[in-house]
Amino acid sequence: MGTEKSKADLLPGTLDMLVLKTLTRGHLHGYAIAQLIQQLSDDVLRVEEGSLYPALQRLELNGLIEGTWGLSANNRRARFYQLTAEGRKHLSQESARYRQVTGAVARIMGFA
Amino acid sequence: MRAGGSWQRFRRRLRYWRDHGERHRLLWEEMAFHIESTVDALVAEGMSEAEARAAARRRFGNMTHKAEESRFTWIARWINDGMQDLRHAFRGMRRDAGFTVFMIMIAGLGIGASATVFSVVNAMLLRPLPFRDPGSLVWMGNIDSWTATQPEHFSDLRQLNRSFTDMAGWSAFYFPGDKQLTGAGEPERLTGVPVTGNFFAVLGVAPLIGRGFTQEESEGKYASPSAMLMSHAYWRRRFGEDASVVGRKLTLNNKPVTVIGVLPESFDFASIFAQGTSVDIFIPWPLSDPNKPRGNTMKVLGRLRAGATVNSAQAEFTALGKQLANRHPERNALEPHLLPLAERVSGRVAPALFVLACAVGVVMLIVCANLSNLQMARWSARQKEMALRAALGAGRWRLLRQMLTESVALSCCGALLGLVLAIAATRQVAQLRAFNLPLLESVRVDGTALLFTLLAAVGAGVVFGLLPAWRVSALTLSGELQDGSRGSSGGRRHAWVRDGLVVAELAFACILLVGAGLLIRSFVRVLEVNPGFQPERAAAMRVDPSFRITNAPQQNVFLDELLQRARSVPGIAAAGITDMLPLRDDRSWGVSGKGQIYQRGHQPEAYIRVVSDGYFEAAGIRLRRGRAFTEMDRWASERVVVVNETMARTLWPGQDPLGQSVATDGGRRVVGVVADVRHTALEATGGLEMYLPMRQTGDYAAMQLVVRTTLPADSLAAGLRVALRAVDPNLPVKEFQTFQDLVDRAVSARRFLVMLLGGFAVFALVLASLGIYAVISYSVSQRVQEIGIRMALGASAGDVQRRIVLRTLGLAVTGLAVGLAGARALSNALGSMLFGVTSGDPLTYVGMGALLMAVAAAAGYIPAWRASRIDPMAALRSS
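Residues numbered from 1 in each chain as written. Chains lettered and ligands numbered in written order. Predicted model: local features only at pLDDT ≥ 70, side-chain atom pairs only at ≥ 80, totals over all residues.

A. Seen up close, the overall build of chain A. Secondary structure assignment for chain A yields 5 helices and 3 strands. Ordered by position from the N terminus, the helices and strands of chain A form the series α-α-β-α-α-β-β-α. By sequence separation, contacts in chain A at least 24 residues apart represent 49% of the contacts at least 6 residues apart. (Helix = DSSP H or I, 4+ residues; strand = E, 2+ residues; numbered from the N terminus. Contact = placed C-beta atoms within 7 Å.)

Dropping the structure here:
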């Protein structure tokens, strides 16, 4: 139980940022978010899918995203999330910071 | 921006918390949708349904765990855990309901007692006096802290001093019921206090309706005030809070007076300055009027200027006092004695309250020890449950916290009960109007007391829960419980802790018992004191005539007629008149024998009583030498005086006092000597007393008819009233005040302390005996088999009983030894409250020790008796 590596592979706070970024594409439910992250990273980032939900709750509590119930493509009840204005702002701040941090790491490692 | 965000987050959090059940369900649905979607995708890729489902779950992870993790974003984890513990606690309480009710009752009684005592202490010592900026109010005594000051000195001090912004005073020379109010229905006797015009301004008390005294009103005539203020209580009682009474003209002592205002309810003069009486009205006290009472008649207070302290003011006043004494040798002595007003008001009761607070603290400790013991027994029975929880991963800290939550929940339930008890008790206390205690009427459970109760509940819960929780969690985790289920050695260390708790309980109970015993013995001693009069079947009634007596012959006739009528009422054995009642009223003059010269400040002071013939007999004051007053000691006859034994001894040591002359009051010849009467308190000897015949003086403020009855006084009141109407049809008469009431009031503060402390001691004794009973029964129940084997091997029922009772007595003796030593060490604190016994009074120690031993032995005997009934076969088979 819970021994999959994927969670540890992400920097702390990265999951929140990835979720926010994904949601810039529009209304998405949890499953779609997980799928998109996986696809866009070419299957490199495999989120333990369950971990998505506490993250979503946290983001919603902080007012960065907003969830509404709707119907999925195959007519099931699902919860769709969308970015709030505050979420957008938060995302741009976070990605700027992330760029700085990864840039610094890359320079140290001699990648750049 | 930031603050707004966190506020919104907080509101969202609250909302989530409110519908967390619904949110939880929806979250679960959302996660189920995710898994279904994964399953659909995998099936589409060609997996079988069952395989797909398993794979989806694997990819998702532990749903319950995720759901819980999500929930912690809504509710902080500790709240969640706390709620869970609380649920467990209440479930546990319901499971052994009898036990729980018992514990809640014990906690409730303890917390109730604490909250009550706290409320009393709060009202009398902690809460500021109901005046503006009470901290800067200062009381000025003269010579000592209670003697009054001469008004002329007051006027000079008020002008000369630099320490006070202003000084005010009221007359110490007023008596209960010395004002007659007419013009508003039935004539009525009132108690009115003359105050300086600025009195209310200095205190910072504004009238509820109407206004205070004007300059003109406060410079009128002493005998006929033109304005009066009403106390709130009197306004309610007599005028039903009718605001239109302000401005009305009434008649006070046959003189017109205007009601100018009503004082607020918070201003209770009597409860602060004259406990155990009631004050109805306030009238101005014209210091400029030469016809006001002379001598030390003024109680003085002042308000400190910013920057001045009591000490600096004292220095200034000492100097001013000397200066004034030199400038005016004709006046009475002046030695200002300043102390903070609050100290003057409640300083007297502070030591008693301190003792009470300590006592209730000890009671709380006993309660905690008892509950600790019970909780330990209860949790030992639940060790299996604890072990299971520990095995499932609960850490020691978590177990501890759960047990503490349970204890605190219990004591909080107890606190609810305690609060109800405290509210009831404080109501009772506040109604003890006749008690001679300051601020008693303001005793109530207020916000501070509520906070105190909450703290006491949580504190007690932690204190009594900590020890058993620590022990139990330690045992649980160290795995000692496996062998703890049976056998005789099960809880050796448990037993040790338990015994220790019981010994502590007994020791504390012993301390309380000894303290209460010493005070009870003092109380009995006080009641045994010979007050110098016989309170049984003596009663007094105000009988001042409604008309003004203008000359001595008229007064003589009035007295003759009044006494004759009173004595003719069946059931009255003796009747006389006095101006002052013992243990209530006081006034004193400097006295000297004829030809005796005393240095300034060394002249003896004697209490002055103006009495008629028959008074000594009615009050039961013994005549020692010579004769009492008779009807023939009249205005025109020789001026005579009766003195008490102390005065005779002081003025004429070794000589025959009869026939001597006193220089006071124009010179009088001593015709009799009577026994000493205790005036100020039963505990204090009276000092010098001088009785003047009423028919030979006009210098008295009241006429109290004192009767000695052969029937209960109340049944005579109506007959007496009818008889007296013949003398003066408008005579306003109130009920009798019995002399026993006077004595009761004098001992009321002591009685209050004894009642409370005695109650605590009994409660402590009951708790300690319960504690010893619980421990012994528990140890018996743990050793049923051992006892069974002993009996099977031939031990008699008597042997078994003896062993158990001996163990009980062992505990009791240890507790007693510690307790007696502690009591001896602490009893000195009672010091000033003891009377007629020393703090080491052997009788009390031995008696209380014996009582404690007896109760302990009885508490231990019940389980011993039960043990001896054990059927050995049943006991051995039961395992």
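Let's pick the thread back up.
B. Summary view of the overall build of chain B. The number of helices and strands found in chain B is 27 helices and 23 strands. Seen along its three principal axes, the alpha-carbon backbone of chain B occupies a region of about 135 × 85 × 55 Å. Here chain B holds 879 residues, and 42% of them are scored as buried. Restricting to contacts in chain B with at least 6 residues of sequence separation, those with at least 24 account for 84%. (Buried ≥ 20, exposed ≤ 12 C-beta atoms within 10 Å, placed from the backbone.)

C. How the structure looks around the packing of helix H6 (residues 97-126) of chain B against helix H13 (residues 350-381) of chain B. All names here are of chain B. Between H6 and H13, the least distance of the axes is 10 Å, while the angle of their chain directions is 165 degrees. By the criterion of interaxial angle, the relationship of H6 to H13 is roughly antiparallel. Judged by the twist between their axes, the crossing of H6 over H13 is left-handed. Taking contact as the criterion, the partners of Phe99, Met103, Ile106, Ala107, Gly110, Ala113, Ser114, Val117, Val120, Val121, Met124 and Leu125 in H6 are, on H13, Ala350, Leu353, Leu356, Ala357, Val360, Val363, Met364, Val367, Asn370, Leu371, Leu374 and Arg378. A breakdown of the residues in the contact of H6 with H13 according to their chemical character gives 20 nonpolar, 3 polar and 1 charged. (Axes fitted to C-alpha atoms, helices over the stretch in contact; angles between N-to-C directions. Parallel < 35°, antiparallel > 145°, perpendicular 65-115°, else oblique. Left-handed = near helix turned anticlockwise from the far one by under 90°. Nonpolar A, V, L, I, M, F, W, Y, C, P; charged D, E, K, R; others polar.)

D. Region of interest: the nonpolar core. Residues and elements named next belong to chain B. Membership of the largest hydrophobic core comes to 172 residues, with the highest contact counts inside it found for Cys510 and Ala764. Counting residues per element, this core draws most heavily on helix H23 (residues 748-782), which supplies 20 residues. Once residues within four sequence positions are removed from consideration, alanine 764 is found in contact with Val363, Ile366, Phe508, Ala509 and Leu512. Leu581, Tyr615, Val671 and Leu716 belong to the second-largest nonpolar core, a separate cluster that totals 59 residues. (Core = buried A, V, L, I, M, F, W, Y, C linked by C-beta atoms within 7 Å.)

E. Spotlight on the pairing of strand E20 (residues 668-674) of chain B. Residue and element names in this part refer to chain B. Across the 7 residues of E20, 6 count as buried, placing the element largely inside the fold. Sheet analysis places strand E17 (residues 623-626) next to E20, joined by 3 bridges and oriented antiparallel. Bridge assignment links glycine 626 to a residue of E20, and that residue is glycine 672. As paired strands, strand E19 (residues 661-662) and E20 are joined by 2 bridges and run antiparallel to one another. (Pairing = 2+ DSSP bridges.)

F. Representation of the environment of cysteine 368 of chain B within the structure. Residue and element names in this part refer to chain B. Inspection of the secondary structure puts cysteine 368 in helix H13. Assessed through the 27 C-beta atoms surrounding it within 10 Å, cysteine 368 is described here as buried. Distance in space between the C-alpha atoms of cysteine 368 and glycine 465 is 8.5 Å, their sequence separation being 97 residues. Setting aside chain neighbours within four positions, we find cysteine 368 in contact with Ala460, Val463 and Phe464.

G. A look at the interface of chain A and chain B. Facing 19 residues of chain A, the contacting portion of chain B comprises 24 residues. Of all elements in the fold, only helix H3 (30-40), helix H4 (52-61) and strand E3 (77-83) of chain A reach the threshold of two or more residues within the side of chain A that touches chain B. Here the side of chain A that touches chain B gets 5 residues from one element, more than from any other, and that element is H4 of chain A. Residues that form the side of chain A that touches chain B fall into these classes: 6 nonpolar, 7 polar and 6 charged.

H. Molecular detail of the environment of arginine 750 of chain B. Residues and elements named next belong to chain B. Tracing the backbone shows arginine 750 in helix H23. Sequence separation between arginine 750 and phenylalanine 435 is 315 residues; the distance between their C-alpha atoms is 9.7 Å. Residue contacts for arginine 750: discarding those within four places in its chain leaves Phe523 and Val526.

I. Local environment of the pairing of strand E18 (residues 640-644) of chain B. All names here are of chain B. Counting buried positions along E18 gives 4 out of 5 residues, so the element sits mostly inside the fold. Note: E18 against E20, 5 bridges, orientation parallel. Along E20, the bridge assignment pairs asparagine 644 with valine 674. Summarising the sheet, E18 and strand E21 (residues 688-693) pair through 2 bridges and their orientation is antiparallel. Paired with valine 642 across the two strands is tyrosine 691, which belongs to E21.

J. Representation of unusual backbone geometry in the model. Residue and element names in this part refer to chain B. Located in the positive-phi region is asparagine 253, a residue other than glycine, with phi close to 45 degrees. With respect to the secondary-structure elements, asparagine 253 resides in the loop between strand E8 (249-252) and strand E9 (255-262). For aspartate 665, which is not glycine, the phi torsion reads 55 degrees and is therefore positive.

K. Highlighting the environment of arginine 87 of chain B. Residues and elements named next belong to chain B. You can see arginine 87 is positioned in helix H5 (residues 77-95). Using a count of 11 C-beta atoms within 10 Å as the deciding quantity, one classes arginine 87 as exposed. As for arginine 87 and isoleucine 621, which are separated by 534 residues in sequence, their C-alpha atoms are 71 Å apart.

L. A look at the sheet that holds E3 of chain A. Residues and elements named next belong to chain A. The strand order E1-E3-E2 describes an open sheet built from 3 strands, whose pairing is antiparallel. Pairing within the sheet leaves two strands with one partner each, and these edge strands are strand E1 (28-29) and strand E2 (65-71). Note that E1 and E3 share 2 bridges and pair antiparallel. Residue pairing in the sheet places histidine 29 in a bridge with phenylalanine 80 of E3.

M. Region of interest: helix H7 (residues 151-160) of chain B. All names here are of chain B. For H7, the complete set of buried residues consists of Pro151, His153, Phe154 and Leu157. The buried side chains of H7 occupy one side of the element, clustering within an arc of 150 degrees when seen end-on. Summarising the contacts, the buried residues of H7 are in contact with strand E2 (164-171), strand E11 (298-304) and helix H11 (310-327). (Arc of directions from axis to C-beta.)

N. Looking closely at the packing of helix H25 (residues 797-826) of chain B against helix H26 (residues 842-868) of chain B. All names here are of chain B. Contact geometry of H25 with H26 gives a least axis separation of 8 Å together with a crossing angle of 150 degrees. Overall, the two elements H25 and H26 adopt an arrangement that is roughly antiparallel. Between H25 and H26 the crossing geometry is right-handed. Residues that form the contact of H25 with H26 fall into these classes: 18 nonpolar, 5 polar and no charged.

O. Expanded view of the confidence of the model for chain A. Residue and element names in this part refer to chain A. Within chain A, residue pLDDT values average 82, and 86% of them lie at 70 or more. Element-level pLDDT for chain A is lowest in helix H1 (residues 6-9), with a mean of 43, against a maximum mean of 91 in E3. In the predicted structure, residues 1-8 sits below a pLDDT of 50 and forms 9 contacts with residues beyond four places in sequence or in another chain. (pLDDT = per-residue confidence, 0-100.)

P. Region of interest: the confidence of the model for chain B. Residues and elements named next belong to chain B. Residues of chain B with pLDDT of at least 70 account for 95%, and the chain-wide mean is 84. This model gives residues 483-490 a pLDDT under 50, and the stretch forms 8 contacts once residues within four places in sequence are excluded. Complex prediction metrics read pTM 0.73 and ipTM 0.84.

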